[in-house]
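As a plain string of letters, each chain reads:
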Amino acid sequence: MASMGVDAEQEPLLGDLTPGSREWDIIETEEHYKSRWISIRILYLTMFLSSVGFSIVIMSIWPYLQKIDQTADASFLGWVIASFSLGQMVASPIFGLWSNYRPRKEPLIVSIFISVTANCLYAYVHVPASHNKYYMLIARGLVGFGAGNVAVIRSYISGATCLQERTSSMANASACQALGFILGPASTDEAQVPQGNIDQVAVVATNVLFFVVLFIFALFETIVTPLTMDMYAWTREQAVLYNGIILAVLGVESVIIFMGVKLLSKKIGERAILLGGLIVVWVGFFILLPWGNQFPKIQWEDLHNNSIPNTFGEIIIAFWKSPREDHNEEPTGCPIEQAWCLYIPMIHLAQFLTSAALIGVGYPSCNVMSYTLYSKILGPKPQGVYMGWLTASGSAARILGPVFISQLYTSWGPRWAFSLVCGVVVLTILLLLVVYKRLVAFSVRHGRIQE
């Protein structure tokens, strides 16, 4: 019995779809059905907790980094955030390939152990006497490596959901066919073996689209804390609190969007929603461009503007105030080291909130639609490795996004940074229009069902 369990775990979820194979003839038992859905719900919980942990950390990284190492600047922040995705990019194809040939619980257990260990290291990076920022860099990279298990989770959930659709009712098999999974009939006389190759152009194009979607959101979540601290003179505590509230509201908004696009996709299709989502994201970043004649508060401006004390009384007052200001009040505003603070207008709070709301609509729409299209395009093939590459492309975006925006923002300011982001989104929209007709399900492409 134990041997049979291991064999079943090692076998690809969608199995060997040939006449006479176990997956071709089997009708799933009630016990197997319940066991499968317990596994799916556990994996949902795993992904939820992982996302919660990521959200908690991402808003507090910048203040935490400033606190543990005074030599860290906004440019290094980009590398710290990117290290998470670098680790995930390396781990995702490895865990995906591992799950195709070994029991899936093996890569999941190993990845969770790595994540727990790395988070413990992250919690204590303030302990060493020096080089704390590099310890944080390593810790976040290891956390990302552990998060590479998302490839295993995605491939399992995609296949398991469709398998239960097929075995619970043949009438419901169309749901799997709509996803591109041709799971075969209960009898070998009812249909022929699914044949045909995956459209590799569509696969590559979807990976590029997914890369850009994650790239855009990664740079937004990276820059939001430094941006609000520079523009609105928020303290570290205020930035963590207010941005945390904003992130929580965007999370609720995303849940509503996820439910809405599921219904809308049945009417207009995934490609149209993906295109609309990219347009909304472009509008969001366009609104974020600075304008007007109001400039952000300059950090240290009070020190530079104060006149030199002349009388003994002024000297005593300055001496009395300075220690309190140095130790009890942290400097706020746009750092004078960033030269653009002197000539780039501030981004008004209404601009920022409107932009965040629009990006909160566009990003989840693009994210879920690109992932859904990818699953449809792949069809009945075991998806572990393919999902690993999709996760790796997303991780590459999370590497380049933070580095890109932190370097550009520090050197040239938000006007150049967000203008280039708008340009990237326009190019992505053009790419989507070029490959629009190829982004169809495997079953549609090979004529097994109508689109």
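Everything that follows concerns the structure shown earlier in this document.
Just so you know, these numbers come straight off a predicted model, no measurement behind them.

## Looking at unusual backbone geometry
- A positive phi is found at H131, a non-glycine position, where the angle reads about 55°.
- Locating H131 in the fold gives a position in the loop between α5 (105–123) and α6 (132–146).
- On the basis of relative accessibility, which here comes to 52%, the residue H131 falls in the exposed class.

## Some thoughts on the state of the cysteines
- A full pass over the atoms with the stated rule returns 1 disulfide.
- A sulfur-sulfur separation of 1.8 Å characterises the disulfide bridge that pairs C334 with C341. Judged by the sign of its S-S torsion, about -55°, the bond between C334 and C341 is left-handed.
- The exposure class assigned to C334 is buried, which follows from its relative accessible area of 0%.
- By relative accessible area, C341 is classed as buried at 1%.

## Focus on the packing of helix α3 (residues 30–68) against helix α9 (residues 200–232)
- Between α3 and α9, the shortest axis-to-axis distance is 10 Å and the interhelical angle comes to 45°. The angle between the axes of α3 and α9 places the two elements in the oblique class. Classified by chirality, the crossing of α9 by α3 is right-handed. Each of F54, I58, M59, W62, P63 and Q66 in α3 lies in contact with α9, whose residues at this interface are E221, V224, T225, P226 and M229.
- Partitioned by chemical class, the residues of the contact of α3 with α9 number 8 nonpolar, 2 polar and 1 charged.

## Examining the nonpolar core
- Residues F285, F352 and F418 are the most contacted members of the largest nonpolar core, which totals 91 residues.
- Among the nonpolar cores identified, the runner-up in size contains 6 residues, and L43, A91, V152 and I153 belong to it.

Calculation notes
- Residues numbered from 1 in each chain as written.
- Predicted model: local features only at pLDDT ≥ 70, side-chain atom pairs only at ≥ 80, totals over all residues.
- Heavy atoms only, no water.
- Helix = DSSP H or I, 4+ residues; strand = E, 2+ residues; numbered from the N terminus.
- Buried < 20%, exposed > 50% of the residue type's maximum accessible area, 1.4 Å probe, protein only.
- Disulfide = S-S within 2.5 Å.
- Axes fitted to C-alpha atoms, helices over the stretch in contact; angles between N-to-C directions.
- Parallel < 35°, antiparallel > 145°, perpendicular 65-115°, else oblique.
- Left-handed = near helix turned anticlockwise from the far one by under 90°.
- Contact = heavy atoms within 4.5 Å.
- Nonpolar A, V, L, I, M, F, W, Y, C, P; charged D, E, K, R; others polar.
- Core = buried A, V, L, I, M, F, W, Y, C linked by side-chain atoms within 4.5 Å.

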